[in-house]
Amino acid sequence: MEEKIGAIKAKLESLQVEEYNRFIAEYREDARQGVQKLVEKAKKTLDKLDQEKRRIEKLKVYEKEYESLGYVCGIDEVGRGPLAGPVVAGAVILPKDCDILYINDSKQLSEKKREELYDIIMEKAVAVGIGMVSPARIDEINILNATYEAMREAISKLKVQPQVLLNDAVIIPKVDIKQVPIIKGDAKSISIGAASIVAKVTRDRLMVEYENILPGYGFASNKGYGSKEHIEALQKLGPTPIHRRSFIKNFV
């Protein structure tokens, strides 16, 4: 008795992508149009997976260049521009045989994808460090110096000492480790991309918590950035303890 197309579809949906080649081999001779559509769907999924694996290999070019020196660490920050909340830096050392797919500049990823990747990075990374500098400290030393401070803190919290730092565009002062600044590094280096995801998810989660403590400013949605809703709330309710006084002078 011929297998029903609905049952074949259910079979495909139950398989892991790694098993798709077996599915294609089993059904490639089935002449029914519905079955061939399922075979084509499986082939397209495998093609996309191959493309992603090739993209990720390209993102490892800097890591491979410096891996002979020892541990290579990616560094990135988030939260330079907001009116409220801390600036957060991430430092991530990935294993040499890192097989995590879909890492990219955190701004290029959906919130759902960032959350998924955050968990995978935290599980598979050799080491992760997070640095955070408060709004008051930002006001005291300015945002650039606060960013450097957050990056130094992130490095200090790594459980292993890196020999090379891949930085997103900057050279961090007062750091004795070899540094390689890479323009748009979060889209060119897998380690910097991972660091940007860790920093972004950490900061976003914190801003959601602040929404619960300090309601009315929309921190859960605007993450402290100067949205229309946020600026109107600032003018109506006044600043909170997490607002950067040096950033909000034009609004209050």
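Residues numbered from 1 in each chain as written. Predicted model: local features only at pLDDT ≥ 70, side-chain atom pairs only at ≥ 80, totals over all residues. Heavy atoms only, no water.

Engineer: Any details on the overall build of the protein? Residues and values, ideally.
Structural biologist: A count of helices and strands for the protein gives 10 helices and 5 strands. The C-alpha radius of gyration computed for the protein amounts to 23 Å, which surpasses the reference 18 Å derived for 252 residues by more than 25%, pointing to a less compact arrangement than a globule. Principal-axis analysis of the C-alpha atoms gives the protein an extent of 75 × 50 × 25 Å. Relative to its 252 residues, the protein shows a buried fraction of 47%. Taking the contacts inside the protein whose residues are at least 6 apart along the sequence as the reference set, 63% of them involve residues at least 24 apart. Summed over all atoms, the accessible surface of the protein reaches about 13,300 Å², with 52% contributed by carbon and sulfur. (Helix = DSSP H or I, 4+ residues; strand = E, 2+ residues; numbered from the N terminus. Rg over C-alpha atoms; globule rule 2.2 N^0.38 Å. Buried < 20%, exposed > 50% of the residue type's maximum accessible area, 1.4 Å probe, protein only. Contact = heavy atoms within 4.5 Å. Areas by Shrake-Rupley, 256 points an atom, 1.4 Å probe, with all protein chains shown as cover.)

Engineer: Residue-level account of the environment of Glu111, with values.
Structural biologist: Within the secondary structure, Glu111 is located in helix H5 (residues 111–124). Sequence-wise, Glu111 and Val201 are 90 residues apart; in three dimensions their C-alpha atoms are separated by 8.3 Å.

Engineer: I'd love a proper account of the layout of surface pockets, names of residues and values included.
Structural biologist: Approximately 300 Å³ is the volume attributed to the largest pocket. What lines the largest pocket is a set of 15 residues, and nearest its centre among them are Val17, Glu18, Leu49, Leu101 and Tyr102. Among the elements of the structure, helix H3 (33–58) and H5 are those that each provide at least two residues to the lining of the largest pocket. For the lining of the largest pocket, the class distribution of residues is 7 nonpolar, 1 polar and 7 charged. (1 Å grid on protein atoms, 1.4 Å probe; cavity = no way out; pocket = protein on both sides within 12 Å on 5 of 7 lines; lining within 4 Å. Points joined across faces, edges and corners; volume = space filled by probe spheres on them. Nonpolar A, V, L, I, M, F, W, Y, C, P; charged D, E, K, R; others polar.)

Engineer: So what's going on with the side chain of Ser196? Which residues, and what values?
Structural biologist: Summarising the element assignment, Ser196 is placed in helix H8 (residues 190–213). Residue classification places Ser196 among the buried residues on the basis of a relative accessible area of 0%. Beyond its immediate sequence surroundings of up to four residues, Ser196 is in contact with Asp76, Val78, Asn104, Asp105, Ser106 and Asp186.

Engineer: Tell me about the pattern of salt bridges, and please be specific about residues and values.
Structural biologist: If you walk through the whole model with that rule in mind, you get 22 salt bridges. Between Glu52 and Arg55 there is a salt bridge whose closest N-O contact spans 2.8 Å. Taken together, the residues Glu52 and Arg55, both in helix H3 and 3 residues apart, mark about one turn of the helix. A salt bridge links Lys228 to Glu232, with the nearest nitrogen and oxygen atoms 3.0 Å apart. One end of the pair is Lys228 and the other is Glu232, both in helix H10 (residues 228–237) and 4 residues apart, which spans about a single turn. A residue is classified by how much of its surface remains accessible, and Lys228, at 63% relative accessible area, is exposed. (Salt bridge = Lys/Arg side-chain N within 4 Å of Asp/Glu carboxyl O.)

Engineer: Any chance you could break down the nonpolar core for me, citing the residues and the numbers?
Structural biologist: The biggest cluster of nonpolar side chains holds 22 residues, and the ones touching the most others in it are Cys73, Ile75, Ile155, Leu158, Leu165 and Ile172. Only strand S1 (72–78), strand S2 (87–93), strand S3 (127–133), helix H6 (135–141) and helix H7 (143–156) provide two or more residues apiece to this core. Ranked by residues supplied to this core, first place goes to H7 with 6 residues. Apart from the residues lying within four places of it in its own chain, the contact partners of Leu158 are Cys73, Ala91, Ile93, Ala127, Val128 and Gly129. Grouped together as the second largest cluster of nonpolar side chains are 20 residues, Leu49, Leu94, Leu101 and Ile121 included. (Core = buried A, V, L, I, M, F, W, Y, C linked by side-chain atoms within 4.5 Å.)

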